[in-house]
There are 2 protein chains.
Amino acid sequence: MDSVSDKSLEYWMHRALQLASLGEGRTSPNPLVGAVVLNKRGNLVGEGFHARAGAPHAEVGALEQAGKEAIDGTLIVTLEPCCHHGRTPPCTEMILASGLKRVVVALEDPDPRVSGSGLHRLMQEGIEVVTGVLQELAAEQNKSFLHRVSTGRPWGILKWGMSFDGRTALTNGVSKWITNETSRDWVHSLRGTVDAVIVGGGTVRTDDPLLTSRGKSTPEPIRVVFSRSLELPSNARVWDTSIARTLIAFPKETSEDLLESFPEGFEKLSLPSCEPIQLLLGLAKKDCNSVLWECGPRLASLAIKQGCIQELAIMMSPKLMGGVLAATPIAELGFTSMSEVIKLSRYELKAFDDDLLLRATLL
Amino acid sequence: MDSVSDKSLEYWMHRALQLASLGEGRTSPNPLVGAVVLNKRGNLVGEGFHARAGAPHAEVGALEQAGKEAIDGTLIVTLEPCCHHGRTPPCTEMILASGLKRVVVALEDPDPRVSGSGLHRLMQEGIEVVTGVLQELAAEQNKSFLHRVSTGRPWGILKWGMSFDGRTALTNGVSKWITNETSRDWVHSLRGTVDAVIVGGGTVRTDDPLLTSRGKSTPEPIRVVFSRSLELPSNARVWDTSIARTLIAFPKETSEDLLESFPEGFEKLSLPSCEPIQLLLGLAKKDCNSVLWECGPRLASLAIKQGCIQELAIMMSPKLMGGVLAATPIAELGFTSMSEVIKLSRYELKAFDDDLLLRATLL
């Protein structure tokens, strides 16, 4: 029997996943990765995680910490080690040089430049390879990265706050505040976990949001204003790019003249057409693995129709607002029978004081 | 020290409340009442509850069962015994005749014909009286009765089923089925606990509901169709009065000619004006302590505005329906700032398979 049992492998993989999570919100376009090195007696001798794109891979930190203790030891890593030269040298070569006896992996890397070749390379050189340990948890942790690699588009979360009767604003547009402070604080944290926060021009005009994590994450996510008309207030808070990047996305046919009235500092993204899916393709090229949609009902329904939303974060507050013309979370989806509506297969519930959070998956 | 301790009094009062609940949905306009008799050694010798209006009071059943064992014993009853001649003789006289030493009561009866005089009568005759044992639970159990006595109107529950994005129907009016079978089954049970179920004419035209408890309660609640125009389909399922009573409520200025086209069996209620509050005053006169509003958004918002709703039962199903013109739970309430909206101070959450039930109090 091995010095490190299967049960123990899961234990250490949990630790590696924990380490990986420390990079949340900062590694894109790379995945989150955590690694642990055990020496030949099964004792912990090294830990590492991928802290941000361009920084060393998780395996590097863990193996450097382990040094000679890695000889005949085990590397436990949440994602298949890379075998290609990217911004950093291939991890497989460092593993081979370290004298490790065994490599344990949760998930194969779907990146076409890796995708099994990393593990293959290790096995060829006589390293014992174990895969699939806590695979589901690892896939859940890297769902944004996996989604972007397989579809070419960032993982999309649609967030809204509403009253118990499903209203996101009063008839006159007022929406400050439907949800409580604890909920809003959580939304700031949520922003810290994504690469970009998207609003439409209407939200900038009506709510003038800041759209940052309030310093909970560095760097802040990119704030994306998606506007067909570019008719935006020149004094909006989102133009202050000293606290976070701001990107204005617009269809290429829109005249850029209006952009001149806004304070300097923003970036621009011209799109082939004014569609959510085009915006996402553009943001994927800007290294976004995940985006948070904080938009109004029309943009939300378009994003849903184009498959841009994978997850929902619904904050519900115990209030009744009513209003025949009051805003609702989602505009027209064109359904004519109940068999067509979108069923949410999985959701979780959480309480923020008297508010409720519903998190659901749209897949 | 007494043979029946304070702790024990609460124990037996819980039992009395349990007994009282057996009459749920059948005692109106009377309250729910349960009673327990302990002999002088503190042993249970009698139980009773008020089974329906016109049937004997809870104390009567319990004391008859106890017989001579009641001598020097204790009566534990959820509501103050009556001291007036109603449909049945006053319970105070029976208590005095029974030889009881002590009477323990949860709640004073707010009925102006009782309201402390029952207890006063007992004390005058040397009976030891203890009040306020589990008073809050007893008030909760009889909240409909207490509300009707203090306001002259039945307790109102507003129920709706909606998707996670707050829609109660698709744009074309289709709403079958938003919620799952377990939720709908619970709604049938809920109907069994109230005295009347109210819909507007629009609901009859669009949904053609049956509005019964599906036999979960006998008798079924009165089905109330509240219509200004009386333009109702002559073949609606609600006209089948072999399964439940049906009451058509309409303002007195509406011509009754159209009523002739409906099958026989329904009752009619002419109201001074077409307002929810007038309907409730009419239903209170018909012995209703509680009503369930299963109406559309316009009637719901009117009922809320006129203080006709004390409680909400919101069934939420994990679906997205969207729809710019799709129905929402509540129409215009006229709020222009968030400080005006209705805050729900208390709510409970329950899962029905994948649906969620939110029960909230509007007080």
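Everything numeric in this text was worked out from a predicted model, so none of it was measured.

A. Representation of the overall build of chain A. Along its length, chain A carries 10 helices and 16 strands. Relative to the globule expectation of 21 Å for 363 residues, the C-alpha radius of gyration of chain A, 23 Å, shows essentially globular dimensions. Overall, the C-alpha framework of chain A stretches about 70 × 45 × 40 Å when taken along its three principal axes. Scored against the burial criterion, the 363 residues of chain A give a buried share of 56%. Looking at chain A alone, contacts between residues at least 24 apart form 71% of all its contacts between residues at least 6 apart. Of the roughly 15300 Å² that chain A leaves accessible, carbon and sulfur atoms contribute 50%. Treating the 38 positive side-chain charges of chain A as one cloud and the 43 negative ones as another, the clouds have centres 2 Å apart.

B. Spatial organisation of helix H7 (residues 181-192) of chain B. The terminal C-alpha atoms of H7(B) lie 17 Å apart, and with 12 residues this matches the ideal 16 Å at 1.5 Å per residue to within 8%. Among the structural elements, strand E6 (155-163), strand E7 (196-200), strand E11 (290-293), strand E12 (311-317), strand E15 (346-352) and strand E16 (355-361) of chain B are those in contact with the buried residues of H7(B).

C. Fine view of the pairing of E16(B). All names here are of chain B. Buried residues dominate E16, accounting for 6 of its 7 residues. By the bridge criterion, 6 bridges tie E12 to E16 in an arrangement that is antiparallel. Bridging across to E16, methionine 316 finds its partner in leucine 356. Here E15 pairs with E16 via 7 bridges, running antiparallel. Each bridged residue has a counterpart across the sheet, and for arginine 346 the counterpart in E16 is threonine 361. Hairpin connection, E15 to E16: the antiparallel pair is bridged by 2 residues, and aspartate 353 has positive phi, about 55°.

D. Region of interest: the pairing of E7(B). All names here are of chain B. Among the 5 residues that make up E7, 5 are buried, leaving the element largely enclosed by the rest of the structure. Residues Ala196, Ile198 and Gly200 point to one face of E7 and Val197 and Val199 to the other, with burial holding for every one of them. In terms of strand pairing, E7 meets strand E8 (residues 222-226) through 5 bridges, oriented parallel. By the bridge assignment for E8, glycine 200 is matched with phenylalanine 226.

E. Structural detail: the interface of chain B and chain A. On the chain A side, the residues contacting the 47 residues of chain B number 47 residues. Here chain B meets chain A over a buried area of about 3500 Å², counting both sides, of which 69% is carbon and sulfur. When the buried surface of chain B facing chain A is broken down by residue, Phe164(B), Leu320(B) and Met338(B) rank first, second and third, together holding 22% of it. For the pair chain B and chain A, the number of links is 0 salt bridges. Counting every contact that joins chain B to chain A gives 18 residue pairs in polar contact (both at pLDDT 80 or more). Residue composition of the side of chain B that touches chain A, by class: 30 nonpolar, 9 polar and 8 charged.

F. How the structure looks around the sheet that holds E16(B). Residue and element names in this part refer to chain B. The sheet built from 9 strands is open, its strands ordered E10-E9-E8-E7-E11-E6-E12-E16-E15 with mixed pairing. Across the chains shown, the open sheet's two edge strands, defined by having one partner strand only, are strand E10 (267-271) and E15. The mean inter-strand angle of the sheet, taken between neighbouring strand axes irrespective of direction, is 20°. Pairing of E6 with E12 involves 7 bridges; the strand directions are parallel. Considered in E12, the bridge of lysine 159 is made with alanine 313.

G. Examining the pattern of salt bridges more closely. All names here are of chain A. Taken as a whole and assessed by the stated rule, the structure comprises 30 salt bridges over all chains. The closest approach of N and O atoms between arginine 121 and glutamate 93, which form a salt bridge, is 2.8 Å. Taken as a pair, arginine 121 in helix H4 (residues 117-124) and glutamate 93 in helix H3 (residues 91-98) lie far apart in primary sequence, 28 residues in all. For arginine 121, a relative accessible area of 25% puts it in the partly exposed group. On the basis of relative accessible area, glutamate 93 is assigned to the partly exposed category, the value being 33%. Ionic pairing is found between glutamate 311 and lysine 143, a salt bridge with its closest N-O pair at 3.2 Å. Taken together, the residues span a long stretch of sequence, with glutamate 311 in strand E12 (residues 311-317) and lysine 143 in helix H6 (residues 143-151) at a distance of 168 residues. Residue classification places glutamate 311 among the buried residues on the basis of a relative accessible area of 4%. With relative accessibility at 22%, the residue lysine 143 sits in the partly exposed group. A single network of salt bridges, built from pairs that share partners, joins Glu140, Lys143, Glu311, Arg346 and Arg359.

Rules behind the numbers
Within each chain, residues carry numbers counting from 1 in the order of the written sequence. Each chain is given a letter, starting from A, and each ligand a number, starting from 1, according to the order in which they appear as written. Confidence filtering applies because this is a predicted model: local features only for residues at pLDDT of at least 70, side-chain atom pairs given and counted only at 80 or more, and all residues used for totals across whole chains, interfaces and linings. As a convention, hydrogens and water are excluded, and side-chain values are obtained from all of the structure's heavy atoms. Secondary structure elements are taken from DSSP: a helix is a run of H or I of four residues or more, a strand is a run of E of two residues or more, and numbering for both begins at the N terminus. In this treatment the radius of gyration is a C-alpha quantity, and the globule benchmark scales as 2.2 Å times the residue count to the 0.38 power. Throughout this description, buried means an accessible area under 20% of the type-specific maximum (1.4 Å probe, protein chains only), exposed means over 50%, and partly exposed covers the range between. Working rule for contacts: check all heavy atoms of both residues, and any pair within 4.5 Å makes them a contact. Surface accessibility in these figures is a Shrake-Rupley result with a 1.4 Å probe; residues are shielded only by whichever protein chains are displayed. In this tally, Asp and Glu contribute negative charge and Lys and Arg positive charge; neither His nor the terminal groups of the chain are included. Every charge is mapped to an atom, namely NZ of Lys, CZ of Arg, CG of Asp or CD of Glu. To estimate how far a helix should extend, the number of its residues minus one is multiplied by 1.5 Å. Between any two strands, pairing holds if DSSP finds at least two bridges. Put simply, buried area is the surface a 1.4 Å probe can reach on two separate parts but cannot reach once they are joined, added for both. Any carboxyl oxygen of Asp or Glu that lies within 4 Å of a side-chain nitrogen of Lys or Arg is treated as forming a salt bridge with it. Whenever two N or O atoms come within 3.5 Å, that pair is a polar contact, provided that in protein one can donate a hydrogen and the other can accept it, and provided that, for residues adjacent in sequence, both atoms are side-chain atoms. Put simply, Ala, Val, Leu, Ile, Met, Phe, Trp, Tyr, Cys and Pro go in the nonpolar bin, Asp, Glu, Lys and Arg in the charged bin, and everything else, Gly too, in the polar bin. To define axes, lines are fitted to C-alpha atoms, for helices over the stretch in contact only, and angles between the resulting N-to-C directions are given on a 0 to 180 degree scale.

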